[in-house]
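Residues per chain, in single letters:
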Amino acid sequence: DSPEETVSIDVKGLKKPNPWPLGDYRNKKKYPDVYIFCHLNKPHERPEYFILPKRKVDKLIGYAKDKKSGWLYFKDVRKYKDKWDLIWEK
């Protein structure tokens, strides 16, 4: 990577381990390179961070019955906890 290269990052947070809503994901005009999903935990507990390049989110996203509302389920992101190195993989 060159120092001039930029990486766009979208951060989504939840205070409980529920699915992260991603809205009308299929019809977005622009996507970030990397998503960081944050589970805030309880006060005085360290938050958990799950780092996924867009290509991983594309594979894991689930859709509601309307086929538009995208969701990323907590159980599907567990293995990406603290995978900060994935920011450079895109």
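Residues numbered from 1 in each chain as written. Predicted model: local features only at pLDDT ≥ 70, side-chain atom pairs only at ≥ 80, totals over all residues. Heavy atoms only, no water.

### Quick word on the sheet that holds strand β4 (residues 48–53)
Link 1 in the chain: With mixed pairing, the three strands of this open sheet are ordered in space as β1-β3-β4. Looking along the sheet, the strands with just one partner apiece sit at the ends: β1 (9–14) and β4. Averaged over neighbouring strand pairs, the angle between their axes works out to 20° when direction is ignored.
Link 2 in the chain: In the sheet, strand β3 (residues 34–39) pairs with β4 via six bridges, with the strands oriented antiparallel. By the bridge assignment, His39 is partnered in β4 with Glu48. (Pairing = 2+ DSSP bridges. Helix = DSSP H or I, 4+ residues; strand = E, 2+ residues; numbered from the N terminus. Axes fitted to C-alpha atoms, helices over the stretch in contact; angles between N-to-C directions.)

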